[in-house]
Amino acid sequence: MRALAAAALLFALSACSGGEEPAPQEAPAPTETALGKSLAVDYPPDGAEDATALTLGVAGVTKAPARDLALFAVPDGMQAYYVRVVMGNRGPADAAFPEGAPWWVRAAGDVLVPATPAPSGLSTCKAPRLGATLAAGRTVRGCLLYFVPEGTAVESVDFQPGDVTTAVRWLS
């Protein structure tokens, strides 16, 4: 009796829904652009009350010459890359980066590599002067240092403040 009642309920529910299953929705893809281009993005991407507009750009990605790092310990099996970035805050609010700006290199295999703090004596790659916040109306430029396994291609530079759907990606 219970089985019959459950079957009738299931039939009634499927009749109300039209019997069709909803089509799966694809997750939004990251925004992609070319090296040398700038983009304006909302930050933070979740639409918080204190959101601001950032202008972001990646001028280039280059392998760091071995001579630049001769006096420093480069991890075995790694290739150093310089990434030249620009960040501007168009306002209206300050942009908070309590854990640092979320710049990543995306290597082959969809692997995100974080920036490595450049040694203080490395004059060819100075990080942007960015504290915990970027004030409205301020722009910073600089170079970020990344170590990628040798023989692994750098596919993009990503500014990713949340999950992958929030990424802005400059393709190499």
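Okay, so let's go over this structure. (Residues numbered from 1 in each chain as written. Predicted model: local features only at pLDDT ≥ 70, side-chain atom pairs only at ≥ 80, totals over all residues. Heavy atoms only, no water.)

Take the packing of aromatic side chains next. A full pass over the atoms with the stated rule returns four aromatic pairs. Consider the rings of W103 and F159, whose centres lie 5.1 Å apart with planes at 70 degrees: the pair is edge-to-face. Of the two residues, W103 is situated in strand β6 (residues 103-107) and F159 in strand β10 (residues 154-159); the sequence distance between them amounts to 56 residues. The rings of Y43, F97, W103, F159 and W170 are connected pair by pair, giving a single aromatic cluster. (Phe/Tyr/Trp six-rings, centres within 6.5 Å; stacked < 30°, edge-to-face > 60°. Helix = DSSP H or I, 4+ residues; strand = E, 2+ residues; numbered from the N terminus.)

A word on the state of the cysteines. Summed over all chains, the structure comprises one disulfide. Between the sulfur atoms of C125 and its disulfide partner C143 the distance amounts to 2.0 Å. A torsion of -90 degrees about the S-S bond marks the disulfide between C125 and C143 as left-handed. Residue C125 is located in the loop between β7 (111-114) and β8 (133-134), and its partner C143 is located in strand β9 (residues 139-149); the two are separated by 18 residues in the primary sequence. Judged by its relative accessible area of 2%, C143 falls in the buried class. (Disulfide = S-S within 2.5 Å. Buried < 20%, exposed > 50% of the residue type's maximum accessible area, 1.4 Å probe, protein only.)

A word on the sheet that holds β10. Spatial ordering of the open sheet is given by β1-β11-β10-β6-β7, a layout of five strands whose pairing is mixed. In this open sheet, the two edge strands, each paired with only one partner strand, are β1 (31-34) and β7. Across the sheet, the mean angle separating the axes of adjacent strands is 30 degrees when strand polarity is ignored. Judged from the four bridges that link them, β6 and β7 form a sheet pairing that is antiparallel. Of the residues in β7, the one forming a bridge with V105 is V113. (Pairing = 2+ DSSP bridges. Axes fitted to C-alpha atoms, helices over the stretch in contact; angles between N-to-C directions.)

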